[in-house]
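Report on the structure
Spelled out from the first residue to the last, the chains are:
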Amino acid sequence: MTTSQQLCSVCRQYNALLIEETDQILRVASSTSPAEKMLSALSVISHKPIEIETWPARRIAIWQDLYALSDNKEVSNRPLAELLNEVLNHAIQQRASDIHFEPGQTTYRIRLRIDGVLYAQPLLPGSIAAQLTARLKVLASLDIAEKRLPQDGQIDYQDGEHQASFRVSTLPCRYGEKLVLRLQQQETLCFDIDTLGMPAEEAVRFDNALASPQGLILITGPTGSGKTLSLYSALTKLNQAHRNICTVEDPIEIPLSGLNQTQLHTKAGLTYGTLLRALLRQDPDVIMIGEIRDSETADIAIKASQTGHLVLSTLHTHSTIGTLMRLEQLNVSREALSSSLRLIVTQRLVRKLCLHCRQQSHDSSEPPSSRAYWQAAGCYRCYNGYYGRTALFEVLSVSETLGSLIIQGQSAIELEGIARQSGMATLFENGCRAAAQGITSLDEVHRVLGRHDG
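Points about the overall build of the protein chain
Tallying secondary structure elements over the protein chain gives 15 helices and 19 strands in all. Overall size of the protein chain, expressed as C-alpha extent along the three principal axes, is 70 × 60 × 35 Å. Within the protein chain, residue pairs in contact and separated by at least 24 positions form 60% of the contacts whose partners lie at least 6 positions apart. Carbon and sulfur atoms provide 48% of the accessible area of the protein chain, an area that totals close to 22100 Å².

If you want it as structure tokens, here you go:
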């Protein structure tokens, strides 16, 4: 019997559940105050501190029933359906974006991604993997017999007050098939540029760039950094009757009334290059390109921005200055950058501190400048002290001075120094500001951006 199985067995004896075992801690769910004998046994086996979460008795019973039935190697559809409904309902309630179903050698793990972080659910016996996978594939209208190739499908789910749509993806792995369910956006997003959380100075720069009759505005950052929301918020602000706004996207993520949105279809020959050339003959005022991926797209975007169009797009880079270097790698000349580029916005998403339980930090081991920061505590309203997410921004306006320095061939370090002298705050500086204001914690800023000296 493995250590995990021993821990699970002890928990079940006391009507509790093993949620997760990490290198630092043991997480256990219980509906009542945990028995001292259970805590003592878990400590002896794991040699780790134990963190107790309080769960409703009904929820624990559903997981316990599945364990009891799986001991006989057979689980009927009813307990599986109850467990699946419990997981899906809980994911919807907790605002999860994804649910991961992961088969292991002896255990089956379910994890929820909430506010960008994965949280483990109680470990299940590995014997239920095939049955649970089959049930999910049936609900998603996938081929149950096909276990060697990835598949994609969709589940439309309704259970009482809970209603949602999940995009399903399967992937063959070492111990079976892993499934990821992506919760499709249920609520109507607010595309108001004033609600992005951008500091006042940066918001003014963004507004000024959007008011330009022509030029290139880039929103950058890694996957999952909130670029799409910022991009559509900018388009919503520009979306007025006297403007012809055309987009080229892959895919069309959010349909917006008043925009002429076109989706790529590479098999039919509708590439970024083909569509952009056709789009320039459609008398556009504003052009949105979903992503600049290659030299051809970059060249067309630059030329469009130089010939009387306002062009908005995204790029996968990690800083504003890094964006300039990336465009150079895509064979955009420094002269073209200087004449066309208006603004670069780089962003990241960080979790927000729960307003009900956040605490001010007064750690004497921290430098004086950080002693006023806030930190996560944790309560029944949130997840480990956090609830929801907000964006951190780094906004670079390409002024005439900076443009001339770009043409002169100044290095990235020199350009960043000039930009900061002109008032640009870095992502880390804005992260520290948000931590000091109690919006997020310094630990969260370090998790997303890494640790910075100074």
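Picking up after the structure, the text goes on.
Focus: helix α8 (residues 272-279)
Within α8, burial applies to Tyr272, Gly273, Leu275, Leu276 and Leu279. Summarising the axial view, the buried residues of α8 lie within an arc of 170°, below the 170-degree limit, and thus occupy one face. Of the surrounding elements, those touching the buried residues of α8 are β12 (245-249), β13 (260-263), β14 (286-289) and α9 (295-306).

Overview of the side chain of Arg348
Mapped onto the fold, Arg348 is located in strand β16 (residues 341-353). Here His318 takes part through its backbone oxygen, which lies 2.9 Å from a polar atom of the side chain of Arg348. Sequence-distant contacts of Arg348, defined by excluding residues within four places in its chain, comprise Gly221, Pro222, Ser225, His318, Thr390, Ala391, Leu392, Leu427, Val448 and Leu449.

Concerning the pairing of strand β5 (residues 107-114)
β5 sits mainly inside the fold: six of its eight residues count as buried. Both strand β4 (residues 98-103) and β5 contribute to a ladder of six bridges, which runs antiparallel. Bridging from a neighbouring strand, Ile99 pairs with Leu112 of β5. Adjacent in sequence and paired antiparallel, β4 and β5 are bridged by three residues. As judged from the four bridges shared by β5 and strand β6 (residues 117-120), these two strands associate in the antiparallel manner. Across the sheet, Arg111 pairs through a bridge with Ala120, a residue of β6. Here β5 hands over to β6 after two residues, with Asp115 in that stretch at a positive phi of 50°.

Structural notes on the sheet that holds β16
Ordered in space as β13-β12-β14-β15-β11-β16-β19, the seven strands form an open sheet in which the pairing is mixed. On the outer flanks of this sheet lie β13 and β19 (386-397), each paired with one strand and no other. Direction aside, neighbouring strands of the sheet carry axes that sit 20° apart on average. Examined bridge by bridge, strand β11 (residues 215-220) and strand β15 (residues 310-315) share six bridges and lie parallel to one another. For Ile219, the partnering residue across the bridge sits in β15 and is Thr314. Strand contacts of α8: β12, β13 and β14, with the helix running at about 170° to β12, the strand carrying the most contacts.

Things to note about the nonpolar core
Core analysis: the biggest nonpolar cluster contains 53 residues, and Ile99, Phe101, Leu124, Leu132, Phe166 and Leu181 have the highest contact counts within it. It is helix α4 (residues 77-93) that contributes the most residues to this core, seven residues altogether. If we skip the residues at most four places from it in the chain, Leu124 touches Trp63, Leu66, Tyr67, Leu83, Thr107, Tyr108 and Ile110. The next biggest cluster of nonpolar side chains, apart from the first, holds 36 residues, and it includes Leu216, Leu218, Leu279 and Leu402.

Examining the sheet that holds strand β3 (residues 50-54)
The strand order across the open sheet built from three strands is β1-β2-β3, with neighbouring strands paired in mixed fashion. Because the sheet does not close on itself, it has two edges, and the strands there are β1 (16-21) and β3. The mean inter-strand angle of the sheet, taken between neighbouring strand axes irrespective of direction, is 25°. Two elements, β1 and strand β2 (residues 26-30), share five bridges in a ladder whose sense is antiparallel. If you follow Glu21 over to β2, its bridge partner there is Leu26. Those strands touched by helix α1 (residues 3-13) are β1 and β2, and its axis lies near 150° from that of β1.

Concerning the environment of Leu353
Here Leu353 is to be found in strand β16. Considering only alpha carbons, one finds Leu353 and Arg389, 36 residues apart in sequence, at a separation of 8.7 Å.

Details of the packing of α4 against helix α5 (residues 129-139)
When two helices pack together, their arrangement is given by the angle between the helix axes and the distance between those axes. The interhelical angle for the contact between α4 and α5, taken along N-to-C directions, is 70°, at an axis separation of 11 Å. By the angle class used here, α4 and α5 are roughly perpendicular. Residues Asn77, Leu80, Ala81, Leu83 and Leu84 of α4 touch α5, and the partners they reach there are Gln131, Leu132, Arg135, Leu136 and Leu139. When the residues that make up the contact of α4 with α5 are grouped by side-chain class, the tally is seven nonpolar, two polar and one charged.

Brief notes about the pattern of salt bridges
Using the criterion set out here, one finds 22 salt bridges in the structure. Its salt-bridge partner being Lys237, residue Asp207 comes within 3.9 Å of it at the nearest N-O pair. Highlighted residues: Asp207 in helix α6 (residues 200-210) and Lys237 in helix α7 (residues 227-238), separated in sequence by 30 residues. Classification of Asp207 as partly exposed rests on a relative accessible area of 27%. Put simply, Glu20, Arg27, Glu51 and Glu53 are held in one network by salt bridges that share partners.

What to know about the packing of aromatic side chains
Here the structure, examined in full by the defined rule, presents four aromatic pairs. For the ring pair Tyr119 and Tyr383, a centre distance of 4.4 Å and an interplane angle of 50° mean the geometry is tilted. Highlighted residues: Tyr119 in strand β6 and Tyr383 in the loop between β18 (374-375) and β19, separated in sequence by 264 residues. One residue, Arg358, lies across the ring of Trp374, its end atom 4.4 Å from the ring centre.

Observations regarding the packing of helix α14 (residues 427-436) against helix α15 (residues 442-449)
It is the contact of α14 with α15, at a shortest axis distance of 9 Å, that shows an interaxial angle of 160°. As judged from the angle between their axes, α14 and α15 are roughly antiparallel. For the element pair α14 and α15, the recorded crossing hand is right-handed. Note on element contacts: α15 touches α14 through Leu442, Val445, His446 and Leu449, opposite Leu427, Phe428, Gly431, Cys432 and Ala435. Per-class residue counts for the contact of α14 with α15 are seven nonpolar, two polar and no charged.

What counts as what
- Residues numbered from 1 in each chain as written.
- Predicted model: local features only at pLDDT ≥ 70, side-chain atom pairs only at ≥ 80, totals over all residues.
- Heavy atoms only, no water.
- Helix = DSSP H or I, 4+ residues; strand = E, 2+ residues; numbered from the N terminus.
- Contact = heavy atoms within 4.5 Å.
- Areas by Shrake-Rupley, 256 points an atom, 1.4 Å probe, with all protein chains shown as cover.
- Buried < 20%, exposed > 50% of the residue type's maximum accessible area, 1.4 Å probe, protein only.
- Arc of directions from axis to C-beta.
- Polar contact = N/O pair within 3.5 Å; in protein donor to acceptor, adjacent residues only side chain to side chain.
- Pairing = 2+ DSSP bridges.
- Axes fitted to C-alpha atoms, helices over the stretch in contact; angles between N-to-C directions.
- Core = buried A, V, L, I, M, F, W, Y, C linked by side-chain atoms within 4.5 Å.
- Parallel < 35°, antiparallel > 145°, perpendicular 65-115°, else oblique.
- Nonpolar A, V, L, I, M, F, W, Y, C, P; charged D, E, K, R; others polar.
- Salt bridge = Lys/Arg side-chain N within 4 Å of Asp/Glu carboxyl O.
- Phe/Tyr/Trp six-rings, centres within 6.5 Å; stacked < 30°, edge-to-face > 60°.
- Lys NZ or Arg CZ within 6 Å of the ring centre and 35° of its normal.
- Left-handed = near helix turned anticlockwise from the far one by under 90°.

Structural measurements only, silent on function.
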